[in-house]
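Chain by chain, the residues:
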Amino acid sequence: MHAHTHAHTKAVLNRMAKIIGHMESIKTMVENDRDCSEVLIQLAAVKSAISGVSRVILKDHMDHCIVDAVRDNDTKAIEELKAAVDKFL
């Protein structure tokens, strides 16, 4: 695996920190026997946030890593992307 510079690393880390904080809040909600509907709404918000950060990572990967892989004829990197997309979807 090659080392690459990613344009959105700081933004991704910030989003992930917020998601982790949100999950901690949801855990507290469950521990405090909060209404299941409220918990589900918060889980939906986290799911949406995870999807958003996943899109940023995928776009960044395509813009940098895959462009480099195509330029370098690195078919392994392209196959790895295909496998990752299959798992992601």
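None of the values given here were measured: they were computed from a predicted structure. Per chain, residues are indexed from 1 in the order of the written sequence. A pLDDT threshold of at least 70 governs which residues receive local features in this predicted model, and a stricter bar of 80 or more applies before side-chain atom pairs are shown or counted, although totals over entire chains, interfaces and linings include all residues. The basis for every side-chain value is the complete set of heavy atoms in the structure, and neither hydrogens nor water enter the calculation.

Before going further, it helps to examine the pattern of salt bridges. By definition, a salt bridge exists where a carboxyl oxygen of Asp or Glu is found within 4 Å of a side-chain nitrogen of Lys or Arg. Evaluated as defined, the whole model comprises six salt bridges. For K27, the salt bridge goes to E31, with nearest N and O atoms at 3.9 Å. A residue pair is termed a helical-turn pair when its members lie 3 or 4 positions apart in one helix, as K27 and E31 do in helix α1 (residues 9-31) at four residues. Each residue is placed in one exposure class: buried if its accessible area under a 1.4 Å probe, protein chains only, is under 20% of its type's maximum, exposed if it is over 50%, and partly exposed if it falls in between. For E31, a relative accessible area of 51% translates into the label exposed. Helix numbering and strand numbering both begin at the N terminus, where a helix is a DSSP run of H or I of at least 4 residues and a strand a DSSP run of E of at least 2.

A separate point is the nonpolar core. Remark: nonpolar core denotes a set of buried residues (Ala, Val, Leu, Ile, Met, Phe, Trp, Tyr, Cys) joined through side-chain atoms within 4.5 Å. V12, I19, I26, M29, V39, V46, V53 and V56 form the largest nonpolar core, which has eight residues in total. Broken down by secondary-structure element, the contributors of at least two residues to this core are α1 and α2 (36-71). Contacts between residues were defined by any pair of non-hydrogen atoms, one from each residue, lying within 4.5 Å. When sequence neighbours within four positions are dropped, the list of residues in contact with V56 reads H8, V12 and R15.

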